[in-house]
Amino acid sequence: MTASDMLALLPLLLIAGSSVAVLIAAAVGRNHAVAFGLSLSGLAASFCSVFFVPATQVTALLDIDGYALFFFGLISAASFAVALLAYGYLRNRDIDKEEFYVLLLVATLGAMILAASSHFASFFLGLEVLSIALYALIAYFGDRPLPVEAGIKYLVLAASSAAFLLFGIALVYADLGTMDFARIEHILAANPNPNLTLLLPGVALVVTGIGFKLALVPFHMWTPDVYQGAPAPVTAFVATVSKGGMFALLLRYFAQSGINRFAPALLVFTIIAIASMLAGNLLALLQSNVKRILAYSSIAHMGYLMVALEVGGAIGASAVVFYLVAYFIMTLGAFAVVTVLSAEHRDADQMEDYRGLFWRRPVLALVFTAMLLSLAGIPMTAGFLGKFYILAAGAAAGSWALILILVIASTIGLFYYLRIVVILYQQPGDANQPLPLRMPAASLVLAALTVILVWLGVYPSWMLQAIHTAIGSLL
Amino acid sequence: MTMFLQSAFYVAAVIAIISTAMAITRTVAVHALLYLVVSLLAIGVVFYAMGAPLLAALEVIIYAGAIVVLFLFVVMMLNLGGEARQSERQWLSGKSWVGPIILSAILLAEVIYLIVRAQPAGGIGAMVGPREVGLALYGPYLIGVELASMLLLGAVVGASHLGRSAPGRTGAGT
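Residues numbered from 1 in each chain as written. Chains lettered and ligands numbered in written order. Predicted model: local features only at pLDDT ≥ 70, side-chain atom pairs only at ≥ 80, totals over all residues. Heavy atoms only, no water.

A.B. asks: Explain the overall build of chain A to me, using residue names and the numbers behind them.
C.D. replies: When helices and strands are tallied, chain A shows 20 helices and two strands. Relative to the globule expectation of 23 Å for 475 residues, the C-alpha radius of gyration of chain A, 21 Å, shows essentially globular dimensions. Taking all 475 residues of chain A together, 63% fall into the buried category. Within chain A, counting contacts between residues at least 6 apart in sequence, those at least 24 apart form 80% of the total. Carbon together with sulfur atoms contributes 72% to the accessible area of chain A, which is approximately 16,000 Å² in total. If you average the places of the 20 positive and of the 21 negative side-chain charges in chain A, the two averages end up 8 Å apart. (Helix = DSSP H or I, 4+ residues; strand = E, 2+ residues; numbered from the N terminus. Rg over C-alpha atoms; globule rule 2.2 N^0.38 Å. Buried < 20%, exposed > 50% of the residue type's maximum accessible area, 1.4 Å probe, protein only. Contact = heavy atoms within 4.5 Å. Areas by Shrake-Rupley, 256 points an atom, 1.4 Å probe, with all protein chains shown as cover. Lys, Arg positive; Asp, Glu negative; His and termini not counted. Charge placed at Lys NZ, Arg CZ, Asp CG, Glu CD.)

So, in structure tokens, the structure goes:
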């Protein structure tokens, strides 16, 4: 490993280093502000390092190219926002706080590894680093029943899906003799009719493992319970960083291993995309819990992303990345509002918590409205442009069936987003409801996210430019 | 020679399948554990026959040794008190130990036979010794080793936190 390799790993080393620094600082003396400051500076340093790190392949395991660096930036920025949310959320709660930041940084590292993986070994290790930290983060409030239930559900299902994934990797390796994505593509290109007896089950099992992490239908059962049970900042993390890292890997796997040239694989992806879009939106209609609604809505959003993934090529890939950026912003924003409104012993997940919010906290209600409208895909927001790019990519490839279902599913989705919006502006039933505590750090996050949301929705060319550069190194 | 190694491989593989099937169908946890140990030992023999003695040793030391002992700890911790002695007597009575004993005896005979008959560099595939494993881990897969260390860090911190804030214990932390 040369010096330039070490420099390329700098964004990862900074995250890993700051997690150890937080741990050592906590061992010297527990101090919430110190742990918080160390994590923030680690994440910020990692974000800044992305701009000058040289793009290079570091051993067979990690491909630190422009694509990986783009996602490093996105993931560290999202974790930065989650850390800011967590500070206000944890501050008034009677629990050890320093471990939260260690686990958050370790999970961030896992998601970054996923985004840079060009090899099944680093894929699996990154996934496990992410998952193991998430088990503890989800069940962080171990003295309450709901988080513990969510943590155990996530543990059992994630562990069994990891076993599926590992078995799938073993089958692919047994068939092709390599775990390197680029070499898989090389072997498949040299042999257009490979023996599919081991390869197809292997790929199917790998897709199961990936589908679980992304909560695609039919691997979505854990999502509503985990979203509901996990503390709101952790839910934001699960919804954005964990899924984003995995989707970055899926896109790379698709682009580099050439696995999508098999008709059966494409058919499976089409079915998964359609099922996720429809099931996510239809099931969300039946919910009355805001966190569960957002959980089902995230299932639907993953379905939209699968549509763009299916299209493939440069246009499909940039549609995926742009939509992921928009999804990060609006999901973080929505969960930031939930975090800000959460009381000490219960997260604000009931519809009643939001009734008449506009009359109590007008700015917060407006921000939440913007996030929900973006999730629904209303113009002037990043969510609209993202959906527009997916539709354009689908139309360019002529996948009319998928586009039709995307439009139908989005229309269904509009209903439950607007239902929350309507409740925000109703007259409050009980005017004396206590106001939640102010969280300055979280307000900062909300302001920044709203600005970026509208900025991207009106003037997206700078982001598109960055995405084109990133995609260029992938394809 | 290859024929002989292959038959050793298949016998051990069949034992692994049988004992795993038995492990997941037993109703008493301790009986299931006995079969699980046999299953892990059989996989160790499979590795040995395939020319990976280091993996075989690790399989026995880590899985059949350390992890099963952990399982036993949990089973014993869940059965404290006077009833435990009664139930332990029940577990050890009957013929529950016959199956695992027979399967392990076959495995033992196989291992002795392999060690006595096989050449030092014997194996179905290429021989992979500790040296090759070490060179691979600290060469091309160095990042993997480092990642495993971060994984363990996350696991230790998470476990210690969850262990301290277990339900029923109040006033966790500062």
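From this point, things continue past the structure.
A.B. asks: An account of the side chain of S19(A) is requested, with residue identities and associated values reported.
C.D. replies: Following the sequence through the fold, S19(A) ends up in helix α2 (residues 10-28). S19(A) gets classed as buried once you look at its relative accessible area, which sits at 0%. Only 2.7 Å separates the side chain of S19(A) from the backbone oxygen of A16(A), close enough to count as a polar contact. Aside from chain neighbours lying at most four places away, what touches S19(A) is V102(A), L105(A), V106(A), M150(B) and L153(B). (Polar contact = N/O pair within 3.5 Å; in protein donor to acceptor, adjacent residues only side chain to side chain.)

A.B. asks: Provide a residue-level description of the pattern of salt bridges, including the pertinent values.
C.D. replies: Here the structure, examined in full by the defined rule, presents 13 salt bridges over all chains. Notably, a salt bridge pairs D63(A) with R252(A), separated by 3.5 Å at the nearest N-O pair. With D63(A) in strand β2 (residues 62-64) and R252(A) in helix α11 (residues 232-257), this pair connects stretches of sequence that are 189 residues apart. For R252(A), a relative accessible area of 0% corresponds to the buried category. Linking E149(A) and K153(A) is a salt bridge whose minimum nitrogen-to-oxygen distance equals 2.8 Å. Pair noted here: E149(A) and K153(A) are both in helix α7 (residues 145-176), with a separation of four residues, about one helical turn. In this structure E149(A) comes out as partly exposed when scored by relative accessible area, which is 38%. Among the charged side chains, a network of salt bridges with common partners joins R30(A), D96(A), E98(A), E99(A) and R164(B). (Salt bridge = Lys/Arg side-chain N within 4 Å of Asp/Glu carboxyl O.)

A.B. asks: Tell me about the interface of chain B and chain A, residues and numbers included.
C.D. replies: Taken together, the contacts link 24 residues of chain B with 32 residues of chain A. Here chain B and chain A share an interface that buries about 2,400 Å² over both sides, 74% of which is from carbon and sulfur atoms. Taken as a group, I143(B), L147(B) and H161(B) account for 25% of the area that chain B buries against chain A, more than any other trio of residues on that side. Counting across the interface, chain B meets chain A through two salt bridges. (Buried area = accessible area lost by both parts, 1.4 Å probe.)

A.B. asks: Can you explain the packing of aromatic side chains? Please cite residues and give values.
C.D. replies: Residues and elements named next belong to chain A. Using the criterion set out here, one finds 29 aromatic pairs over all chains in the structure. Measuring from centroid to centroid gives 4.8 Å for F254 and F269, while their planes differ by 80 degrees, and the two rings are edge-to-face. One end of the pair, F254, is in helix α11; the other, F269, is in helix α12 (residues 263-285), and 15 residues separate them in sequence. The same class applies to F254 as to F269, namely buried. (Phe/Tyr/Trp six-rings, centres within 6.5 Å; stacked < 30°, edge-to-face > 60°.)

A.B. asks: Describe the layout of surface pockets, naming the residues involved and giving the relevant values.
C.D. replies: Of the pockets and cavities examined, the largest pocket occupies roughly 2,400 Å³. If you go around the largest pocket, you meet 38 residues; those closest to its centre are L166(A), M179(A), F47(B), L55(B) and Y63(B). Counting residues per element, the ones that place at least two in the lining of the largest pocket are α6 (120-138) and α7 of chain A together with α3 (53-77), α6 (130-137) and α7 (142-164) of chain B. Considering each element in turn, the lining of the largest pocket owes the most residues, eight residues, to α7(A). Residues belonging to the lining of the largest pocket are distributed by class as follows: 33 nonpolar, four polar and one charged. The wall of the second largest pocket is formed by 33 residues, among which F47(A), G73(A), L74(A), A77(A) and M463(A) lie closest to the centre. At the level of elements, α3 (32-49), α4 (66-91), α14 (313-341), α19 (440-458) and α20 (461-474) of chain A are the ones that each hand at least two residues to the lining of the second largest pocket. Examining the composition of the lining of the second largest pocket, we find that 11 residues originate from one element, α4(A), more than from any other. (1 Å grid on protein atoms, 1.4 Å probe; cavity = no way out; pocket = protein on both sides within 12 Å on 5 of 7 lines; lining within 4 Å. Points joined across faces, edges and corners; volume = space filled by probe spheres on them. Nonpolar A, V, L, I, M, F, W, Y, C, P; charged D, E, K, R; others polar.)

A.B. asks: How would you summarise the packing of helix α16 (residues 362-376) of chain A against helix α18 (residues 400-425) of chain A if you had to cite specific residues and measurements?
C.D. replies: Residue and element names in this part refer to chain A. One way to put it is that α16 packs onto α18 with a least axis distance of 9 Å and a crossing angle of 170 degrees. Between α16 and α18, the angle is such that the two are roughly antiparallel. Residues A365, L366, F368, T369, L372, L373, L375 and A376 of α16 form the contact with α18, whose participating residues are L414, Y417, L418, I420, V421, L424 and Y425. Grouping the constituent residues of the contact of α16 with α18 by class yields 14 nonpolar, one polar and no charged. (Axes fitted to C-alpha atoms, helices over the stretch in contact; angles between N-to-C directions. Parallel < 35°, antiparallel > 145°, perpendicular 65-115°, else oblique.)

A.B. asks: Any chance you could break down the nonpolar core for me, citing the residues and the numbers?
C.D. replies: A general tendency of soluble globular proteins is for nonpolar side chains to be buried together. By size, the foremost hydrophobic cluster in this structure holds 198 residues, and its most contacted members are I64(A), F247(A) and Y354(A). If you tally residues by element for this core, the top one is α14(A), at 21 residues. Setting aside anything within four residues of it in sequence, one finds I64(A) in contact with A8(A), L9(A), L12(A), P54(A), A55(A), T56(A), V58(A), L69(A), F72(A) and A116(A). Within the second largest apolar cluster, 17 residues are counted, among which are L5(B), A12(B), V38(B) and V46(B). (Core = buried A, V, L, I, M, F, W, Y, C linked by side-chain atoms within 4.5 Å.)

A.B. asks: Outline the confidence of the model for chain B, supporting the account with residue identities and numerical values.
C.D. replies: Parts of the model with low pLDDT should not have their predicted coordinates read in detail. Residue and element names in this part refer to chain B. Overall, the prediction assigns chain B a mean pLDDT of 81, with 80% of residues at 70 or greater. Summarising per-element confidence for chain B, the mean pLDDT is lowest in helix α4 (residues 82-92) (67) and highest in α7 (93). Low pLDDT (under 50) marks residues 168-174, which in the prediction has 15 contacts with non-local residues, meaning those over four places away or in another chain. This prediction of the complex comes with two scores: 0.91 for pTM and 0.90 for ipTM. (pLDDT = per-residue confidence, 0-100.)

A.B. asks: Tell me about unusual backbone geometry, and please be specific about residues and values.
C.D. replies: Residues and elements named next belong to chain A. Cis geometry is adopted by the peptide bond preceding P218, which originates at V217 and carries an omega value of 5 degrees. Here P218 shows up in the loop between α9 (196-214) and α10 (223-229). A positive phi angle, close to 80 degrees, is found at M380, a residue other than glycine.

A.B. asks: A description of a nonpolar patch on the surface should follow, citing residues and the corresponding values.
C.D. replies: Residue and element names in this part refer to chain A. Among the surface-exposed residues, M380, V451, V454, W455, V458, Y459 and W462 lie close enough to one another that they form a single nonpolar patch of about 700 Å² accessible area. Among the elements that make up the nonpolar patch, the one with the highest residue count is α19 (four residues). Relative to the elements of secondary structure, Y459 occurs in the loop between α19 and α20. (Patch = residues over 30% accessible without salt bridge, like charges linked within 9 Å, V, L, I, M, F, W, Y side chains within 5 Å.)

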